[in-house]
Amino acid sequence: MRKTLLVYLHGFRSSPNSSKAVMTGAAVRALSTADPTYEWYCPQLLASPKESIDLVVKHIDQSKADRIVIIGSSLGGFYANYLAEKYQCKGIALNPAVYAARELEPHVGMMTAYDSEEPFNFKAEYVYELRALQVSHITNPERYFLIAAKGDELLDWKEMAAFYSGAKQLILEGSDHGIADYANHLPAVIEFIEH
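On a predicted model such as this, the values are computed, not experimentally measured, just so you know. (Residues numbered from 1 in each chain as written. Predicted model: local features only at pLDDT ≥ 70, side-chain atom pairs only at ≥ 80, totals over all residues. Heavy atoms only, no water.)

Colleague: I'd like a rundown of the overall build of the chain, residues and numbers included.
Modeller: A tally of helices and strands in the chain yields seven helices and eight strands. Taken against the 2.2 N^0.38 rule, which gives 16 Å for 195 residues, the C-alpha radius of gyration of the chain at 16 Å falls within 12% of a compact globule. In terms of overall dimensions, the chain has C-alpha extents of about 45 × 40 × 35 Å along its principal axes. Across the 195 residues in the chain, those meeting the buried criterion constitute 51%. A total of about 9100 Å² of accessible surface is found on the chain, and carbon and sulfur atoms cover 53% of it. (Helix = DSSP H or I, 4+ residues; strand = E, 2+ residues; numbered from the N terminus. Rg over C-alpha atoms; globule rule 2.2 N^0.38 Å. Buried < 20%, exposed > 50% of the residue type's maximum accessible area, 1.4 Å probe, protein only. Areas by Shrake-Rupley, 256 points an atom, 1.4 Å probe, with all protein chains shown as cover.)

Now the structure itself:
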């Protein structure tokens, strides 16, 4: 029996409890009841990009999956690019920070997590770690699915659309960085995972 490992990577200051992660996880678990070949992995990522990637790579390498699909939101979308290229697997990017080092450089210092108010230190060296993980361009666009919101208040949807040129794209009129209407688009995500 073939097994698919589904990795979901949350955004900066976010967690596995984010609404998109929870909704996607529930949809994948529903798939698994029909065909028990999906493994769901949605870790709490660390402040250090290198440590976050090491954590995920270790899990993927220990998995017995025949197939991998990486989903990432915002900073998680940046990580998804790196991992989808590394493993030559499908990547789904939700309002991804395609140039994360540039986006996060102004945020060096003490930050708090969105849902827990837990403080963490985003160190200057983490910007260099992000630069080391930067994918210059995706090598196989048909492996990717981009969902980008024109109403994203943090990141530029045009930059995302250009980065994923040739990939399947769903450009949302309006919406926001968190993709408040994500439930409406989840069926398209599941369809891309399954095919």
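Once you've had a look at it, read on.
Colleague: Tell me what's going on with the packing of aromatic side chains, and back it up with residues and numbers.
Modeller: Summed over the entire model, instances satisfying the criterion amount to nine aromatic pairs. Ring geometry for Y99 and F163: centres 5.9 Å apart, planes at 85°, overall edge-to-face. Within this pair, whereas Y99 is found in the loop between β4 (90–94) and α4 (100–104), its partner F163 is found in helix α6 (residues 157–163), the two being separated by 64 residues in sequence. Taking relative accessible area as the criterion, Y99 reaches 29% and is therefore assigned partly exposed. Look at F145 and F192: their rings are 5.4 Å apart centre to centre, the planes differ by 45°, and that puts the pair in the tilted class. Here the residue F145 occupies a position in strand β7 (residues 144–149), and F192 occupies one in helix α7 (residues 182–194), the gap between them amounting to 47 residues. Look at F145 and you get buried, because its relative accessible area is 1%. Following the ring pairs from residue to residue traces out a cluster consisting of F12, F120, F122 and Y126. (Phe/Tyr/Trp six-rings, centres within 6.5 Å; stacked < 30°, edge-to-face > 60°.)

Colleague: An account of the sheet that holds strand β2 (residues 38–41) is needed here, citing residue identities and associated values.
Modeller: In space, the six strands of this open sheet follow the order β2-β1-β3-β4-β7-β8, with parallel pairing throughout. At either end of the open sheet lies a strand with only one pairing partner, and these are β2 and β8 (168–172). Taking each pair of neighbouring strands and ignoring which way they run, the sheet shows an average axis angle of 10°. As defined by bridge partners, β7 adjoins β8 across five bridges and the pair is classed as parallel. Within β8, the position partnered with A149 by the bridge is L172. Here helix α3 (residues 75–87) sits on the sheet in contact with β1 (4–9), β3 (67–73), β4 and β7, set at roughly 160° to β3. Where α7 meets the sheet, it contacts β1, β2, β3, β4, β7 and β8, and its direction lies at approximately 170° from that of β4. (Pairing = 2+ DSSP bridges. Axes fitted to C-alpha atoms, helices over the stretch in contact; angles between N-to-C directions. Contact = heavy atoms within 4.5 Å.)

Colleague: Could you give an account of unusual backbone geometry, with specific residues and numbers?
Modeller: A positive phi angle is found at S74, which is not glycine, with a value near 60°. Relative to the elements of secondary structure, S74 occurs in the loop between β3 and α3. Backbone geometry at S175 places phi at a positive 60°, although glycine is not the residue there. Within the fold, S175 resides in the loop between β8 and α7.

Scope: geometric values only; no functional claims are made or implied.
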